[in-house]
Amino acid sequence: MKLRKLAPAILALMLSVFPLALKADASPDWTTPFPPFHIAGNLYYVGSVDLASYLVVTPKGLILINSNLASSPPLIRKSVEALGFKWSDIKILLISHAHYDHCAGSAKILKETGAKYEVMDADVSVVESGGRTDFQYGSDGTTHYAPAHVDRVLHDGDTVSLGGVVLTAHLTAGHTRGTTTWTMDEREGGRTLHAVIVGSPNVNPGYKLVGNTVYPKIAADYKHEFAVLNALPCDIFLGAHGGYFDMKKKYAMFKNGDRNAFIDPSGYKAYIADRQQAFEAELASQSGR
Ligand SMILES: [Zn+2]
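Keep in mind that this is a model prediction, so the values were computed, not measured. Each chain carries its own residue numbering, running from 1 in the direction its sequence is written. Confidence filtering applies because this is a predicted model: local features only for residues at pLDDT of at least 70, side-chain atom pairs given and counted only at 80 or more, and all residues used for totals across whole chains, interfaces and linings. Neither water nor hydrogens contribute to the side-chain values; these are computed over all heavy atoms in the structure.

Here we take up the overall build of the chain. Per the convention used, a helix needs a DSSP run of H or I reaching at least four residues, while a strand needs a run of E reaching at least two, with both numbered from the N terminus. Regarding its fold elements, the chain presents nine helices and twelve strands. Against the globule reference of 19 Å for 289 residues, the chain gives a C-alpha radius of gyration of 19 Å, in line with a compact fold. Seen along its three principal axes, the alpha-carbon backbone of the chain occupies a region of about 70 × 45 × 40 Å. In this scheme, a residue with accessible area under 20% of its type's maximum is buried, one over 50% is exposed, and one in between is partly exposed, where area comes from a 1.4 Å probe on protein chains only. Residue burial in the chain is summarised as follows: out of 289 residues, 51% are buried. Residues count as neighbours in contact if any of their non-hydrogen atoms are within 4.5 Å of one another. Of all intrachain contacts in the chain linking residues separated by at least 6 positions in sequence, the fraction that spans at least 24 positions is 63%. The charge count treats Lys and Arg as positive and Asp and Glu as negative. His and the chain ends do not count. Lys charges are placed at NZ, Arg charges at CZ, Asp charges at CG and Glu charges at CD. Across the chain, the mean location of the 28 positive side-chain charges is 6 Å away from that of the 28 negative side-chain charges. This radius of gyration counts C-alpha atoms alone. The globule rule is 2.2 Å times how many residues there are, raised to the power 0.38.

Okay, structure coming up:
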């Protein structure tokens, strides 16, 4: 009896002491290593099972997309080095969006490599405050991380270039104010393939789409995001989480010799349509329709 009465107090104490541990435990795929691999052209996968990181290799150095959790940099580094590249050759660090599962490791990576941090305008204050200005999670200390200085503020449609390789930053906001979808062209087997790294089309639990006083244009931003994503040409479908594009399944196909495993224009279209439908259903429900 006494124990039953004590249990809530113990749980509350554990929550106050180990909030991050509990969060990480909620998604073991975030911290489970995954073998690094070549996607196409100069693009490689260096993330975990579900937290995607991408390495773009150029003659003038490396571009890394997504630093992931505060604990992720050693995993990403191991993947980069296993592919035969040098950690200190990372010249530019980019992110999908300013949530701790994609950018908490940035401060460490910037310090270790001296890379320049290039972030979409509307996410800059969030990464520079370590998550404290996020419209949804700003006051939730369990989502905060080491602040990192942004060296270049990106705007919608800006390009990031290194050694002749060009990536384009598409503002696809809603999930965060500065959620960025990255596109680039890859040459593979004599073809040019359009790669799309989706920033996030997801409406998180608790997001207020109607009457959001902190982020009044959130619904309009999601609508704009879906217009942009629907219009992007896509051959190689990628995203901020492996789960967006069924990475584990495609990697198994790839390991079995299917060189086209990640070429999935119809999977991209189906995923965007599914996420748009989920957004519209949530908007309708919050609008009382
Ligand atoms: Zn997110």
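Let us look at the coordination of the zinc ion. Ideal values for angles at a metal depend on the geometry: 109.5 degrees with four tetrahedral donors, 90 or 180 degrees with six octahedral donors. For the zinc ion, the full set of protein donor atoms is His 97 (NE2), His 99 (ND1) and His 175 (NE2), and the range of their distances to it is 2.1 to 2.2 Å. The motif formed by the donor residues of the zinc ion, counted along the single chain, is H-x1-H-x75-H. Each member of the pair, His 97 as well as His 99, carries the same accessibility label: buried. Only nitrogen, oxygen and sulfur atoms qualify as donors, provided they sit within 2.8 Å of the metal or within 3.2 Å for Na, K and Ca; with water excluded from the atoms, sites may seem incomplete.

Here the focus is empty space enclosed by the protein. In this analysis the probe radius is 1.4 Å and the grid spacing 1 Å, with only protein atoms considered; a cavity is a set of points the probe fits into but cannot get out of, a pocket is an open set with protein on both sides within 12 Å along at least five of seven lines, and lining residues have an atom within 4 Å of a point. Grid points are joined across faces, edges and corners, and a volume is the space filled by probe spheres set on the points. Considering all chains together, one arrives at one cavity of 30 Å³ or more under this definition. For the largest cavity, the calculated volume is near 40 Å³. If you go around the largest cavity, the residues you meet are Ile 95, Ser 96, His 97, Glu 118, Val 119, Met 120, Asp 123, Gly 178, Thr 180 and Trp 182. Taken together, the elements giving at least two residues each to the lining of the largest cavity come down to β6 (116-120) and β10 (180-188). Take the lining of the largest cavity: its biggest share by element is three residues, from β6. Classification used: nonpolar for Ala, Val, Leu, Ile, Met, Phe, Trp, Tyr, Cys and Pro, charged for Asp, Glu, Lys and Arg, polar for all others including Gly. Tallied by class, the residues present in the lining of the largest cavity amount to four nonpolar, four polar and two charged.

For the rest of this paragraph, the subject is the sheet that holds strand β5 (residues 90-94). Taken together, the seven strands give an open sheet; going across it, the order is β1-β2-β3-β4-β5-β6-β7, and neighbouring strands pair in mixed fashion. Edge strands, defined here as strands with exactly one partner in the open sheet, are β1 (37-40) and β7 (152-154). Sheet twist, expressed as the mean angle between neighbouring strand axes with direction ignored, is 25 degrees. Both β5 and β6 contribute to a ladder of two bridges, which runs parallel. At least two bridges found by DSSP between two strands is the condition for calling them paired. Note on geometry: axes are C-alpha line fits, over the in-contact stretch for helices, and angles between N-to-C directions span 0 to 180 degrees.

There is about 310 Å³ of room inside the largest pocket. Together, 22 residues line the largest pocket, and His 99, Tyr 100, Asp 101, Tyr 137 and Asn 204 are the ones closest to its centre. When contributions to the lining of the largest pocket are tallied by element, the ones reaching two or more residues are α2 (19-26) and α4 (100-103). Ranked by the residues each element gives to the lining of the largest pocket, the list is headed by α4, at three residues. For the lining of the largest pocket, the residue count by class is eight nonpolar, eleven polar and three charged.

Only the six-membered ring of Trp is used, alongside the rings of Phe and Tyr, when aromatic pairs are assigned; centres must lie within 6.5 Å, and planes under 30 degrees apart are stacked while those over 60 apart are edge-to-face, with the rest tilted. Applying the stated rule across the entire model yields 22 aromatic pairs. Between Trp 30 and Tyr 100, the aromatic rings sit 6.1 Å apart at their centres with planes inclined by 65 degrees, giving edge-to-face as the arrangement. Placement of Trp 30 in the loop between α2 and β1 and of Tyr 100 in helix α4 is noted, with a sequence separation of 70 residues between them. Classification of Trp 30 as buried rests on a relative accessible area of 14%. Seen in terms of ring centroids, Phe 37 and Tyr 45 are 5.3 Å apart; in terms of plane orientation they differ by 15 degrees. Their pairing is stacked. Note on accessibility: Phe 37 and Tyr 45 belong to one class, buried. Each residue in the set Phe 34, Phe 37, Tyr 45, Tyr 54, Phe 237, Tyr 244, Phe 245, Tyr 251, Phe 254, Phe 262, Tyr 268 and Tyr 271 is aromatic and connected to the rest through ring pairs, giving one cluster. Sitting over a ring, as applied to charges here, requires NZ of Lys or CZ of Arg to be within 6 Å of the ring centre and within 35 degrees of the ring normal. Over the face of the ring belonging to Tyr 215 we find Arg 177, whose NZ or CZ atom lies 4.7 Å from the ring centre.

Where helix α7 (residues 218-231) contacts helix α9 (residues 265-286), the two axes come as close as 10 Å, and the packing angle between them is 165 degrees. The orientation of α7 with respect to α9, classified from their angle, is roughly antiparallel. Considering only the axes of α7 and α9, their crossing is left-handed. On α9, the residues that touch Ala 219, Tyr 222, Lys 223, Phe 226, Leu 229 and Asn 230 of α7 are Tyr 268, Lys 269, Ile 272, Arg 275, Gln 276, Phe 279 and Leu 283. For the contact of α7 with α9, a count of residues per class yields eight nonpolar, two polar and three charged. Comment on the angle field: the value is read as roughly parallel under 35 degrees, roughly antiparallel over 145, roughly perpendicular from 65 to 115, and oblique elsewhere. Here a crossing is taken to be left-handed if its near helix is turned anticlockwise relative to the far helix by less than a right angle, and right-handed if that turn runs clockwise.

This part covers the pairing of β5. Within β5, four of the five residues are buried, leaving the element largely enclosed by the surrounding structure. Note on handedness: a crossover is taken as right-handed if, strands pointing away from the viewer, the path from the first strand over the helix to the second is clockwise. Once you follow strand β4 (residues 61-65) into helix α3 (residues 73-82) and on to β5, the crossover reads as right-handed.

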